[in-house]
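# Remarks on the overall topology
Chain residues, written in single-letter form:
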Amino acid sequence: MTKKVLLIEDEPSIIQAISFILSRDGWTVDSHADGATAIEAVARKRPDVVVLDLMLPNRSGLDILTDLRANAETEALPVLMLTARGQKRDREMAERLGATLFMTKPFSNAEVLASVNALAGAA
Amino acid sequence: MISLNLIIAVCLAYVLLLFVIAALAERRAANGRLGWLRSPVVYTLSLSIYCTAWTFYGAVGYASRSGLEFATIYLGPTLVMVGWLWLLRKLVSIGRTQKITSIADLISSRYGKSNLLGVLVTLLAVVGTTPYIALQLQSVALSFAVFAPAASDTPAALDRTALIVAAGLTVFTILFGTRRLDANEQHHGVVMAIALEAVVKLVALLAVGVFVVWGVADGPADIFDRIEASPIAEWRVDTGRWVTLIFLAGAALICLPRMFQVMVVENSDERHLATASWAFPLYLFLMSLFVIPIAVVGMSTLPGENPDLYVLTLPLRLNAEWLALLSFLGGFSSATSMVIVAAIAVSTMVSNHIVMPIWLALRKDGAMMSGDVRDTVLMARRVSIGAVLLLGYLYFHLSGSGAALAAIGLISFAGVVQVLPALVGGLFWRGATRTGAAGGLVIGFAVWAYTLFLPSFGVSAVMPAEMLANGPFGLAALRPQALLGISGVDPLVHAVFWSMTLNTTVFVVLSLLSFPGPLERVQGAEFVNIFAHRSAAQGWSRSAAEAEDLLAMAQRIIGPAEAQTMFQRAAAEQGKGGYLPDTTPAFLERLERQLAGSVGAATAHAMVGQMTGETAVTVEDLMAVADETAQMMEYSNQLEAKSAELGRTARQLRDVNEKLTQLSIQKDSFLSQISHELRTPMTSIRAFSEILMEGGANESERRRFAHIIHDETIRLTRLLDDLLDLSVLENGQVTLNRAVVSLSEVIDRAIASTVPPGTERGFEIRRTPEAERLQVDTDPDRLAQVFINLISNARKYCAAPEPSLRIVVSDQGGAVTVDFIDNGHGIPASGQTMIFEKFARLTDQARAGGAGLGLAICREVMAKLGGAITYLPGQGGAAFRVTVPRAEARAA
């Protein structure tokens, strides 16, 4: 059974890039662009790993992460956080809220792939 | 028979003895060995100058003429000493604490250091004392004449004797009365000399009395028989005169300048008053004991002789020559002691209240050496003494040895007691004012002079007989000896009644009508409450309490730690432990200096003085305190103003800081936004270029990825362009290329650059060609930039199934409005103002390469063009209104 990754991201070209990289490695990739409905998407898709953008329309990635960690079913779900803002404050906040890994855009493809695989292995 | 020469020799020897006694006492005092000089006995004896030659010789004469009435002269002071001791204590207390130098000084001080009052009282004293001195000169001259050959008993001879005596007394008084200038005005030598004289006159009078009762008569029983047989027994008590005389004598004890001198000024210890209160009446009793016997025996033994000289002539005629000599010395003592003290007292007043003020006024330059002033003051005293004695002599010379002199004593009394209302009122009534005191004094003085003093020179001497009989200008109501028609009264009673009544009335009424000045208030309180101002405790225990008080005060002023350190150190230096050093002058001086640093010199001085009780706080001190306080208030006001200014500055700084903080927050968020806007396309570019480099993608994928890379690169470029453009616009470094163009031309260009030819599908643009012909003076490129933004926004965000945009131009007079209205769902009210801020995209989904800077740039451009861009609500879809000035407004 292939592993599932849910990509919560609103930038279409980035969705395309990450989808290509991960599916080429055998991952089943779903994407979701709206922050407001992201939690339902996680519940519905039941992914093994979540890649979560920090800046999303309608709801911030940090809020989504907080909700995920508050729910018993998703509290151990591996989450890779992405941000384009590159501020130290964001990284600290994300780690405190329970992000498993944190990555600043732009990233190398290999880095993303290794991170997601590592998260899957840990889980 | 004792020769005149012997008398003169004895006189000289006696005077020499007085000199020696006075000199010795002065020396003892100078060495600080006051000892018995300060005994209550000496104090009491010095009070005996109340008994002058007038009482020594005159009492017997008085008794011969008026029976027991002479006793009133002794009863008055006795009653005051016994019954009014509290008043005397108050007087002495004030005199000591306020360093009063004379009765004029006392009155002047009490009423706010009024020199006018000082001058008034001084004049009163001079006028009241001069006849009295004349009386003493007369009695001495007469007593000399008793021993002189019959031929020399002429007015001329008497006159010469009086002159010599006056000159001699002047020398003695100057020598011992102005030897040094002391703040306390105490003259130990003089006091000692008059104490001796007091003993001599008492012993002399008692000796004559014993001689008369047991030598001439056959003891007391015989004397009583003789009294019964004499006219004295028939004398009746005139109640009015008795009351008046007792009042006068009692008041004189307080008001006479010489009595004030010995009782208050020369007083060295207030407790001496207690002794004097019984010893002085006893002295008076002894002085009066043999008056009646001598008078009775004199009248029967020496009919036709002058009764005023019985004391002298009785022993002389009965061949008790040495007793006569003693009696002469007694009379001489009485006269000289009175003259000396009176001259000192009056000269002090004259020099302090008349000579010195004039001298100081004449010397315009206020600054002078202190030694200079001392010499001047002493010289003024000496001249004053000479002047006072000369006046006395002149009075004697002019009035002759007539009967007028007999009543001089009482007339003088009546004059000086005019001070009484102002004095007693000042001591007990805080409401008494300077105006009241001056008014009372003037009116009392005038009435006394008019009703008693001037008429006393005899009919026609000063006042015309006509005036005495019928009043001035025939006004009977103003007859000097029958004011308001009250006639048939004894002139003395009449004068005393009217002068004192009017004096007191005017004093009280004017005091009630006028208001005391600040100095007067302070002095009034100080005088009236003199006992409340002083601590009862004395001596060693007081010193300790004093140090504690001082420490308490110092702690309050310079702070506990510093004060304790200072006191502890001072105590250690004195070889004591603890915090309470002895209050030595050196320590007090140091403390004062220390305090002065905090509260000012005057205040410090006043505080320390008040606490130690060493020096009274003078009005000058208090005024200086007030000055300092005013200065401090001024300083404090300045500080307050400065503090307010600082407050304003701090507020401004806070505002600026707040603005900076806000700017900093804005800058952070701007940078964070830019970072996001740059990193997002770069992420795509990097990811896809890595995929392409790996070469794993198929042909169609490769083309798609290359296209994405291309688009993202354009997006990045546009973002950078926008950022630079905004930066230039915001910094105001834009150069406008103005031209007059028609709006249609600008709108055409805008549409053309947003819709590349051939791609316009499904987006309808409706225009108003007629209105578009309007010409505007503007920068066509910049205006087109704004239009492009608005048109491309409508294309990007209008979500209607058949999107359309209306461009409506209308002429608004000075300006033209261009509205861009699409048929989408518009912008919610909450976002309508936000959209013009940087990076204020409402949704991230529909981005088509914009970085959210478009409308911000539009706003800046329109501001530069002198127009505006606003959101136009209520138009169905999104609607923006661009206002363009037509031509006149040329924004730089």
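Residues numbered from 1 in each chain as written. Chains lettered and ligands numbered in written order. Predicted model: local features only at pLDDT ≥ 70, side-chain atom pairs only at ≥ 80, totals over all residues. Heavy atoms only, no water.

Across its full length, chain A carries 5 helices and 5 strands. Traced from its N-terminal end to its C-terminal end, chain A shows the element sequence β-α-β-α-β-α-β-α-β-α. Here chain A, with 123 residues, has 50% of them falling under the buried criterion. Put simply, of all contacts in chain A between residues at least 6 apart along the chain, 59% involve residues at least 24 apart. Within the structure as shown, chain A displays about 5,300 Å² of accessible surface, and the carbon and sulfur contribution to it stands at 51%. (Helix = DSSP H or I, 4+ residues; strand = E, 2+ residues; numbered from the N terminus. Buried < 20%, exposed > 50% of the residue type's maximum accessible area, 1.4 Å probe, protein only. Contact = heavy atoms within 4.5 Å. Areas by Shrake-Rupley, 256 points an atom, 1.4 Å probe, with all protein chains shown as cover.)

Take the packing of helix α11 (residues 220–229) of chain B against helix α15 (residues 291–301) of chain B next. All names here are of chain B. Where α11 contacts α15, the axes come no closer than 10 Å and their chain directions differ by 65 degrees. Where α11 crosses over α15, the handedness of that crossing is left-handed. Contacts from Ile-223, Arg-226 and Ile-227 of α11 reach α15 at Ile-292, Pro-293, Val-296, Val-297 and Ser-300. Taken together, the residues of the contact of α11 with α15 sort by class into 6 nonpolar, 1 polar and 1 charged. (Axes fitted to C-alpha atoms, helices over the stretch in contact; angles between N-to-C directions. Left-handed = near helix turned anticlockwise from the far one by under 90°. Nonpolar A, V, L, I, M, F, W, Y, C, P; charged D, E, K, R; others polar.)

Further remarks concern the interface of chain B and chain A. Chain B puts 24 residues into the contact, and the matching count from chain A is 22 residues. Both faces combined, the contact of chain B with chain A buries some 2,100 Å², and carbon together with sulfur accounts for 56% of it. In this structure, the connection of chain B to chain A is made through 2 salt bridges. The partner of Glu694(B) in a salt bridge is Arg24(A), with the nearest N and O atoms 2.7 Å apart. Across the chain B-chain A interface, the total number found is 11 residue pairs in polar contact (both at pLDDT 80 or more). Of all elements in the fold, only α29 (619–694) and α30 (699–730) of chain B reach the threshold of two or more residues within the side of chain B that touches chain A. When its residues are assigned to classes, the side of chain B that touches chain A shows 7 nonpolar, 6 polar and 11 charged. (Buried area = accessible area lost by both parts, 1.4 Å probe. Salt bridge = Lys/Arg side-chain N within 4 Å of Asp/Glu carboxyl O. Polar contact = N/O pair within 3.5 Å; in protein donor to acceptor, adjacent residues only side chain to side chain.)

This part takes up empty space enclosed by the protein. Think of a ball as big as a water molecule: rolled over the atoms, this probe shows where empty space is left. Residues and elements named next belong to chain B. Applying the stated rule across the entire model yields 5 cavities of 30 Å³ or more. Lining the second largest cavity are Gly-128, Thr-129, Tyr-132, Leu-256, Pro-257, Arg-258, Met-338, Ala-342, Ser-412 and Val-416. Elements with a contribution of two residues or more to the lining of the second largest cavity: α8 (115–147), α13 (257–265), α17 (321–362) and α19 (408–416). Considering each element in turn, the lining of the second largest cavity owes the most residues, 3 residues, to α8. Among the residues making up the lining of the second largest cavity, the classes are represented as 6 nonpolar, 3 polar and 1 charged. (1 Å grid on protein atoms, 1.4 Å probe; cavity = no way out; pocket = protein on both sides within 12 Å on 5 of 7 lines; lining within 4 Å. Points joined across faces, edges and corners; volume = space filled by probe spheres on them.)

It is worth spelling out the sheet that holds strand β2 (residues 28–32) of chain A at this point. Whenever strands of a sheet pair, they do so through backbone hydrogen bonds, lying parallel or antiparallel. Residue and element names in this part refer to chain A. Taken together, the 5 strands give an open sheet; going across it, the order is β2-β1-β3-β4-β5, and neighbouring strands pair in parallel fashion. Taken across any chain shown, the strands that pair with only one partner, and hence form the sheet edges, are β2 and β5 (101–104). The mean angle between the axes of side-by-side strands here comes to 20 degrees, regardless of whether they run parallel or antiparallel. Most of the contacts of helix α4 (residues 88–97) go to β5, to which it runs at about 160 degrees, and overall it touches β4 (79–83) and β5. (Pairing = 2+ DSSP bridges.)

Within this structure, the stated rule accounts for 21 salt bridges over all chains. Close ionic contact of Glu690(B) with Arg686(B) constitutes a salt bridge, the shortest N to O distance being 3.2 Å. Of this pair, Glu690(B) and Arg686(B) both sit in helix α29, 4 residues apart, which is roughly one turn of that helix. Given a relative accessible area of 33%, Arg686(B) falls into the partly exposed group. Each of Glu9(A), Asp53(A) and Lys105(A) takes part in a single network of salt bridges with overlapping partners.

To continue, consider the packing of aromatic side chains. Residue and element names in this part refer to chain B. The final tally for this structure, using the stated rule, is 19 aromatic pairs over all chains. Taken together, a centroid distance of 6.4 Å and an interplanar angle of 85 degrees make the contact between Tyr-50 and Phe-280 edge-to-face. Placement of the pair is Tyr-50 in the loop between α2 (40–47) and α3 (53–56) and Phe-280 in helix α14 (residues 272–289), with a sequence separation of 230 residues. The pair formed by Tyr-50 and Phe-280 is uniform in burial state, with each residue classed as buried. (Phe/Tyr/Trp six-rings, centres within 6.5 Å; stacked < 30°, edge-to-face > 60°.)

It is worth spelling out the environment of Leu87(B) at this point. All names here are of chain B. Relative to the assigned elements, Leu-87 resides in helix α6 (residues 85–97). Exposure remark for Leu-87: the relative accessible area of 1% places this residue in the buried category. Considering only alpha carbons, one finds Leu-87 and Ile-254, 167 residues apart in sequence, at a separation of 9.3 Å. In this view, Leu-87 contacts Ile-254, Val-424 and Phe-428; residues no more than four positions away in its chain are not counted.

Further remarks concern the confidence of the model for chain A. Per-residue pLDDT for chain A has a mean of 87; in total, 97% of the residues score no lower than 70. No element of chain A has a lower mean pLDDT than α4(A), at 85, and none a higher one than strand β1 (residues 4–8) of chain A, at 93. (pLDDT = per-residue confidence, 0-100.)

Residue and element names in this part refer to chain B. Taking strand neighbours across the sheet as the criterion, the 5 strands line up as β4-β6-β7-β9-β8 in an open arrangement whose pairing is mixed. Taken across any chain shown, the strands that pair with only one partner, and hence form the sheet edges, are β4 (764–767) and β8 (868–871). With direction set aside, neighbouring strand axes in the sheet form an average angle of 15 degrees. Pairing of β4 with strand β6 (residues 804–811) involves 4 bridges; the strand directions are parallel.

So, about the environment of Val213(B). Structurally, Val213(B) is set in helix α10 (residues 188–216). Leave out the neighbours within four places in its chain, and Val213(B) touches Asp218(B), Gly219(B), Pro220(B), Ile223(B), Phe290(B) and Pro293(B).

Turning to the side chain of Asp819(B), a few remarks are in order. Residues and elements named next belong to chain B. Relative to the helices and strands, Asp-819 is located in strand β7 (residues 815–822). For Asp-819, a relative accessible area of 6% gives the class buried. Of the polar contacts made by the side chain of Asp-819, one reaches the side chain of Arg-881; its length is 2.8 Å. Contacts of Asp-819, omitting those with residues within four sequence positions, involve Arg-806, Ile-807, Val-808, Leu-872, Phe-880 and Arg-881.

Okay, the pairing of β4(A) next. Residue and element names in this part refer to chain A. Within β4, 5 of the 5 residues are buried, which leaves the element mostly enclosed by the surrounding structure. Here strand β3 (residues 49–53) runs beside β4; their pairing, made up of 4 bridges, is parallel. Within β4, the position partnered with Val-51 by the bridge is Leu-80. For the segment spanning β3, helix α3 (residues 61–70) and β4, crossover handedness is right-handed. Examined bridge by bridge, β4 and β5 share 4 bridges and lie parallel to one another. Paired with Leu-80 across the two strands is Leu-101, which belongs to β5. (Right-handed = clockwise from strand over helix to strand, strands pointing away.)

In this section: a nonpolar patch on the surface. Nonpolar side chains collect at one region of the surface, where Trp278(B), Leu282(B), Phe285(B) and Leu289(B) lie side by side and expose about 440 Å² of accessible area between them. Looking at where Trp278(B) falls in the secondary structure, it is placed in helix α14. (Patch = residues over 30% accessible without salt bridge, like charges linked within 9 Å, V, L, I, M, F, W, Y side chains within 5 Å.)

All names here are of chain A. Note that the residue after Lys-105, namely Pro-106, is joined by a cis bond; omega there is -10 degrees. Looking at where Pro-106 falls in the secondary structure, it is placed in the loop between β5 and α5 (109–122). Phi at Arg-46 takes a positive value of approximately 50 degrees, unusual for a residue other than glycine. Looking at the secondary structure, you find Arg-46 in the loop between α2 (38–45) and β3.

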